[in-house]
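Chain and residue survey
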Amino acid sequence: MQTATLTDVTVNAGHLGGVVKLRGASAAKMTARDVNVYYGEAQALRQVDLDIGEKRITALIGPSGCGKSTFLRCLNRMNDVIEGCRVTGRIEMDGEDIYDTALDVVRLRARVGMVFQKPNPFPKSIFDNIAYGPRIHGFANHKNDLDEIVQTSLERAGLWLEVKDRLAAPGTGLSGGQQQRLCIARAIAVDPDVILMDEPCSALDPIATAKIEELMDELRTSLTIVIVTHSMQQAARVSQHTAFFHLGSLIECGDTDEIFTNPQDERTQGYITGRFG
Amino acid sequence: MTDASNVIGPERRPDLSGARLSRRYAAERRFRLYGLAAVMTGAAILLVLIGTIVANGYTAFFQTEIALEIDFDPETIDPDATRDPEVLRAANYQVLIRRAMQARFPQVTDRREKRTLSRMVSSGASLKLQDMIMVDPDLIGTSRRVWVKSSDDIDSFAKGKIRRDVPDADRRVKDREIAWFDTLDSQDAIRSKFNTTFFTAGDSREPEQAGIWGAVIGSFLTLLVTLMLSFPTGVLAAVYLEEFAPKNRWTDLIEVNINNLAAVPSIVFGLLGLAVFLNFFGLPRSAPLVGGMVLALMTLPTIIIAGRAALKAVPPSVREAALGIGASHLQAVMHHVFPLAMPGMLTGTIIGMAQALGESAPLLMIGMVAFIVDVPGGFTDPATVLPVQIYLWADSPERAFVAKTSAAIMVLLAFLIVMNAMAVVLRKRFERRW
Ligand SMILES: Nc1ncnc2c1ncn2[C@@H]1O[C@H](COP(=O)(O)OP(=O)(O)O)[C@@H](O)[C@H]1O
Ligand SMILES: [Mg+2]
């Protein structure tokens, strides 16, 4: 077995006995330290330490119920709205504690967008779907600005050519794949730094999935992406970093190539070779 | 284990034999038949109910009228030829009618007979003559053929509600009145006309002059107050409880109490209104304002419960989507959840309003059961409402009020059908846009 190349390690020294080895991380956009999440009495996440590399795609993998979505929702504080959910530990974005009481959660969610498992466009027109975010955040003061934002967002989401003639049509009338790209465009429209995706392709067919994956690869040049996926192939295809969760703990994380070719933990190995999950 | 049972146990195959299948189909057919029978029974009962009401009530939409040759005698109306409206108003038009009837039947000389004769015409007929003169004083001194309403008994007789073959002693319309009626009829001096009075007048002791307009306006004013109070309060309460209230013992308690309130008998709200609104706050009796307030208390739980259900029915994905791009909680609710819940809330409100429209018990408690002739002009005028009017008429001894009662029920039903249809249209129109 080959040992890890420790040239570019960014382990936070002296933290919790270094359960987690951080390998191949770039400059971290977000860092999570000692994150515990409880739903009422039940603990869903235990002492998770993870860095999210800037302008990289980080894939969160692991068996169902291991806490991937829970962790993802910690990153834009969507857990705040869940009754009885409690988060401890420290999560920083650009060195700023996002759970700081002084921080405005609305501002945070504008910087950390989210795409959900089931495409959930608003039951409004395609235009209004995209324009809603810029409107509430006061990005666009003129109709022209708004038109421009809508167009560029749709272009970046690879949807412009398909919908440019029917911007007034309801977003819910698009196909599943188009709806999901519309949701991505909606997230992009408020110009976030990070986009969180929770199994964005699980409701889509292979062709629509391929389009979304292509899109993610393009977005990577300007955005940081964290994706939860239950498809190992997808994680291998799109991500640069992979984090493997099991029973609420982060077992292993590092470069995707490394994780898939040379997992350090036998649970990781078991999962990626399909022995459980 | 599975291997073992596969080897030892008999091979299991679905039993697709004809007998078994046909038994399954027969069961399904039977079930459908039961369902159909249940629906038919319900429909039949409804049909009988509505049929009876219509059969009883349709005659109330018509009114028998008698033609009289009225001589607008200047000596009687305006002896000094002043044309002063006060004089014209105060004139004794009853005399003109009496004379006209006597002119038709000169053979009647007995004083009591004469009185019976002039009572064939409605006591409200003189008002019609007064009206004619007030509008056009030049009629004074002329002679005119005027159609006036018959009395309620003659009306009932003309409609066949009082029958000829009953012995004279048991009949409200006596033999000689029938003879006069037949004479008038043969002279084409009897006709049946659409009864506009029924739709334009307030209540009256005389059935032929009684109408439901007063009750309709009373109901309208009362419901307006109910709507103004219960809709905003109910919707705000629903939104707050569903979206913003912390989930703790207090909100649980409030929720339980709202559900209880929805089940409280309506008369209790009436008693509450009597004790609090009338006795404590000293608000006017019999007023739509107080009636509306009482009904608002009654409707509020319905609206809150329907509103919360409508908010709950909005898929959480919509809320998540809004929050996910940085909408505040209030924005997510107001921009996305609330508009989607609105049709449901409106439906609940209309159903609550329909309940309120049909409610009578609590209004009896606050005095809306009084006999009120005038059509109410405002929220504090004494008024009654449709269901109470029905109750009042159903309680009246006059034969003609039986038809009026059924006719009023028809009007109430028409309003209820319109309101419920509105609820259905709203639901259809906004159904599942997500
Ligand atoms: N809203 C919730 N309330 C209570 N428990 C929850 C809630 N959401 C998730 N959980 C629990 O937390 C654990 C992790 O869930 P989740 O993060 O959704 O897993 P994953 O996305 O990896 O499948 C599971 O055991 C799940 O039952
Ligand atoms: Mg999940």
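Residues numbered from 1 in each chain as written. Chains lettered and ligands numbered in written order. Predicted model: local features only at pLDDT ≥ 70, side-chain atom pairs only at ≥ 80, totals over all residues. Heavy atoms only, no water.

A word on the overall build of chain A. Across its full length, chain A carries 10 helices and 10 strands. Per-residue burial over chain A gives 55% buried out of 277 residues. Partitioning the contacts of chain A with sequence separation of at least 6, the portion at a separation of at least 24 is 66%. Accessible area for chain A stands at about 12100 Å²; split by element, carbon and sulfur atoms hold 48% of it. (Helix = DSSP H or I, 4+ residues; strand = E, 2+ residues; numbered from the N terminus. Buried < 20%, exposed > 50% of the residue type's maximum accessible area, 1.4 Å probe, protein only. Contact = heavy atoms within 4.5 Å. Areas by Shrake-Rupley, 256 points an atom, 1.4 Å probe, with all protein chains shown as cover.)

Two measures define how a pair of helices packs: the angle their axes make with one another and the distance between the axes. Residue and element names in this part refer to chain A. Where helix 3 (residues 126-136) contacts helix 6 (residues 176-188), the axes come no closer than 7 Å and their chain directions differ by 30°. One element, helix 3, and the other, helix 6, form an angle in the roughly parallel class. Once helix 3 is placed against helix 6, the crossing between them reads as right-handed. Across the interface between the two elements, Ile126, Asn129 and Ile130 from helix 3 touch Leu182, Ala185 and Arg186 from helix 6. Looking at the contact of helix 3 with helix 6 residue by residue, the classes come out as 4 nonpolar, 1 polar and 1 charged. (Axes fitted to C-alpha atoms, helices over the stretch in contact; angles between N-to-C directions. Parallel < 35°, antiparallel > 145°, perpendicular 65-115°, else oblique. Left-handed = near helix turned anticlockwise from the far one by under 90°. Nonpolar A, V, L, I, M, F, W, Y, C, P; charged D, E, K, R; others polar.)

We now examine the side chain of arginine 186 of chain A. As for its position among the elements, arginine 186 of chain A is in helix 6. Here arginine 186 of chain A sits buried without a salt bridge, and the closest side chain of opposite charge, glutamate 320 of chain B, lies 8.9 Å off (N-O distance). Side chain to side chain, arginine 186 of chain A and asparagine 129 of chain A meet in a polar contact 3.5 Å long. Those residues in contact with arginine 186 of chain A that lie beyond four places of it in its chain are Asn120, Pro121, Phe122, Asn129 and Ile130 of chain A together with Ala321 and Ile325 of chain B. (Lys, Arg positive; Asp, Glu negative; His and termini not counted. Salt bridge = Lys/Arg side-chain N within 4 Å of Asp/Glu carboxyl O. Polar contact = N/O pair within 3.5 Å; in protein donor to acceptor, adjacent residues only side chain to side chain.)

For the rest of this paragraph, the subject is a positive patch on the surface. The grouping of Arg111, Arg112, Arg115 and Arg119 of chain B at the surface amounts to a positive patch. Its place among the elements puts arginine 112 of chain B in helix 6 (residues 111-118). (Patch = residues over 30% accessible without salt bridge, like charges linked within 9 Å, V, L, I, M, F, W, Y side chains within 5 Å. Charge placed at Lys NZ, Arg CZ, Asp CG, Glu CD.)

Next up on the list: the confidence of the model for chain B. Residues and elements named next belong to chain B. The predicted model of chain B averages 89 in pLDDT, with 97% of residues at 70 or higher. The low-confidence segment residues 1-6, where pLDDT is below 50, has 0 contacts with residues more than four positions distant or belonging to other chains. Reported confidence for the predicted complex is 0.85 by ipTM and 0.81 by pTM. (pLDDT = per-residue confidence, 0-100.)

Below, the discussion takes up the pairing of strand 2 (residues 42-53) of chain A. Residues and elements named next belong to chain A. The sheet contact formed by strand 1 (residues 28-39) and strand 2 spans 8 bridges and is antiparallel. Pairing of valine 37 across the sheet is with leucine 45, part of strand 2. Between the antiparallel neighbours strand 1 and strand 2 lie 2 residues, among them glycine 40 with a positive phi of about 65°. (Pairing = 2+ DSSP bridges.)

Quick look at the interface of chain A and chain B now. Each partner contributes to the interface: chain A provides 22 residues, whereas chain B provides 18 residues. Between chain A and chain B the total buried area reaches about 1700 Å² when both faces are included, carbon and sulfur atoms providing 66% of it. A per-residue breakdown of the area chain A buries against chain B is headed by Phe122, Pro123 and Tyr132 of chain A, which together make up 30% of the total. At the surface where chain A touches chain B, the tally comes to 0 salt bridges. For the pair chain A and chain B, the number of links is 4 residue pairs in polar contact (both at pLDDT 80 or more). Secondary-structure elements contributing two or more residues to the side of chain A that touches chain B are helix 2 (105-111), strand 6 (112-115), helix 3 and helix 6 of chain A. Of the residues that constitute the side of chain A that touches chain B, the class distribution is 13 nonpolar, 5 polar and 4 charged. (Buried area = accessible area lost by both parts, 1.4 Å probe.)

Residue and element names in this part refer to chain B. One can describe the packing of helix 12 (residues 249-263) onto helix 14 (residues 288-313) by two numbers: an axis separation of 8 Å at closest approach and a directional angle of 125°. Judged by the angle between their axes, helix 12 and helix 14 are oblique. Our pair here, helix 12 against helix 14, has a crossing hand that is left-handed. Contacts from Glu255, Ile258, Asn259, Leu261 and Ala262 of helix 12 reach helix 14 at Pro301, Ile304, Ile305 and Arg308. Looking at the contact of helix 12 with helix 14, its residues break down into 6 nonpolar, 1 polar and 2 charged.

What follows deals with the environment of alanine 403 of chain B. Residues and elements named next belong to chain B. Note on placement: alanine 403 falls in helix 19 (residues 400-430). In the structure, alanine 403 is positioned 10 residues away from tryptophan 393 in sequence and 9.3 Å away in space, judged by C-alpha atoms. Here alanine 403 is in contact with Asn56, Gly57, Thr59 and Ala60, once residues within four sequence places are set aside.

What follows covers the site of ligand 1. Residue and element names in this part refer to chain A. As a structural note, the neighbourhood of ligand 1 is formed by Tyr39, Ala44, Ser64, Gly65, Cys66, Gly67, Lys68, Ser69, Thr70, Arg73 and Ile82. Between ligand 1 and glycine 67, the relevant distance is 3.0 Å, taken from an oxygen atom to a main-chain nitrogen or oxygen of the residue. Serine 69 places a polar side-chain atom, nitrogen or oxygen, 2.6 Å from an oxygen atom of ligand 1. Bound to the protein, ligand 1 loses 58% of the 550 Å² it would expose on its own. With 4 residues, the top contributor of residues to the shell around ligand 1 is helix 1 (residues 68-75). (Near = heavy atom within 4 Å.)

Often the size quoted for an interface is simply the accessible area lost on bringing the parts together. Residue and element names in this part refer to chain B. Examined at the domain level, chain B breaks down into domain 1 (63-195) and domain 2 (213-430). Put simply, the middle of domain 1 and the middle of domain 2, counted by C-alpha atoms, are 46 Å apart. Listed by partner, the interface residues are 4 residues for domain 1 and 4 residues for domain 2. On the domain 1 side of the contact with domain 2, Asp152, Ser156 and Lys161 bury the most area, a combined 68% of that side's loss. (Domains from an automatic or database assignment.)

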